[in-house]
Amino acid sequence: MMLHTTAAGRRLAYDLIEGAGPAVVFLHGFRSDRKGTKVAALADWCRAEGRAMLAFDLSGHGDSDGAVEEFGISDWVEDAADIIDALAPGRHVLVGSSLGGWLSFLLARARPDRVAGLVTIAAAPDFTRRMEAGFSDAERADLADKGVVTRPSDYEGGDYVFSRRLFDQGARNLVFNEPLTLPMPVRMLQGTADVDVPMSEALRLLDHATGPDIRLTLMRDADHRFSAPPQLALMLSAVAEIVGQEA
């Protein structure tokens, strides 16, 4: 396991494949990590193509330092920018899943000259605002009194814990509150059976973003994991198309 220490002193676990640029950079989802099925498929493709790739665990995730509830969106954007600048300098293709999609849009908006292309899978920008809008009175009280909201998870790893820091930083990093200009090619992938990020959110995002080459592809019956073989093939096809435009 390799570790990168950020300027903020946070240690991030990462895997790096040497190869041609632009490097592919994967940003994982909330309570996920760099060892998932999508990352493995992407790494196999990059090795076969001789393409550079960086995958890392955000603070509080996987093998990186800390617990998830200690961090928020600002921290994770800072993590991503720091490790990308250190290990994947130059132009790169961002591949963001769920939370990683939110982070990818923020990075692309802040540093468009660095991003050669963007592929998102079930992107979840501003999910904290959507969550807050649906809070029960009891959840609002928990967040105010305990500083956390806990919800059961359908995935491995126990219940999800959402901290006040996450919501506070989420409010300062919204994608829908200002224009989202994306001059690079963008491929957004979304499953119609995704209950965590509704298809309506993907359509809303497509309507909100502006740029010369933005496409949304819907896959029938795909859920939020988006990790079945046909879905992985669609992700790889999208990455290959964007990389090909840089050749």
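Up top you'll find the structure we're talking about.
First, a word on scope: everything that follows refers to the structure included in this document. Values in this document were obtained by computation on a predicted structure and should not be read as measured data.

Reading the values: the criteria
- Residues numbered from 1 in each chain as written.
- Predicted model: local features only at pLDDT ≥ 70, side-chain atom pairs only at ≥ 80, totals over all residues.
- Heavy atoms only, no water.
- Salt bridge = Lys/Arg side-chain N within 4 Å of Asp/Glu carboxyl O.
- 1 Å grid on protein atoms, 1.4 Å probe; cavity = no way out; pocket = protein on both sides within 12 Å on 5 of 7 lines; lining within 4 Å.
- Points joined across faces, edges and corners; volume = space filled by probe spheres on them.
- Helix = DSSP H or I, 4+ residues; strand = E, 2+ residues; numbered from the N terminus.
- Nonpolar A, V, L, I, M, F, W, Y, C, P; charged D, E, K, R; others polar.
- Expected span 1.5 Å × (residues − 1).
- Buried < 20%, exposed > 50% of the residue type's maximum accessible area, 1.4 Å probe, protein only.
- Contact = heavy atoms within 4.5 Å.

**Here's the deal with the pattern of salt bridges**
Item 1. Scanning the entire structure with this criterion turns up 21 salt bridges.
Item 2. One network of salt bridges, with partners in common, ties together D15, R34, K35, D57 and D63.

**Observations regarding the layout of surface pockets**
Item 1. Approximately 150 Å³ is the volume found for the second largest pocket.
Item 2. Forming the walls of the second largest pocket are 13 residues, and the residues nearest its centre are G19, A23, A52, A88 and P89.
Item 3. Contributions of two or more residues to the lining of the second largest pocket are made by β2 (11-17) and β3 (20-27).
Item 4. For the lining of the second largest pocket, a count of residues per class yields 9 nonpolar, 2 polar and 2 charged.

**Considerations on empty space enclosed by the protein**
Item 1. Taken as a whole and assessed by the stated rule, the structure comprises 1 cavity of 30 Å³ or more.
Item 2. In this model, the largest cavity occupies a volume close to 60 Å³.
Item 3. For the largest cavity, the full set of lining residues is T120, A123, P125, M188, L189, Q190, E201, A202, L205 and L216.
Item 4. When residues of the lining of the largest cavity are traced back to their parent elements, those giving at least two are β10 (186-191) and α7 (199-208).
Item 5. For the lining of the largest cavity, the residue count by class is 7 nonpolar, 2 polar and 1 charged.

**Let's talk about helix α1 (residues 37-49)**
Item 1. The end-to-end C-alpha distance of α1, which contains 13 residues, comes to 18 Å, matching closely the 18 Å that a straight helix rising 1.5 Å per residue would cover.
Item 2. Regarding α1, the residues found buried are K38, V39, A41, L42, A43, W45 and C46.
Item 3. Buried-residue contacts for α1 involve β2, β3, β4 (51-56), β5 (92-97), β6 (115-121) and α8 (229-246).
Item 4. Phi turns positive one or two residues past the end of α1, at G50, with a value near 70 degrees.

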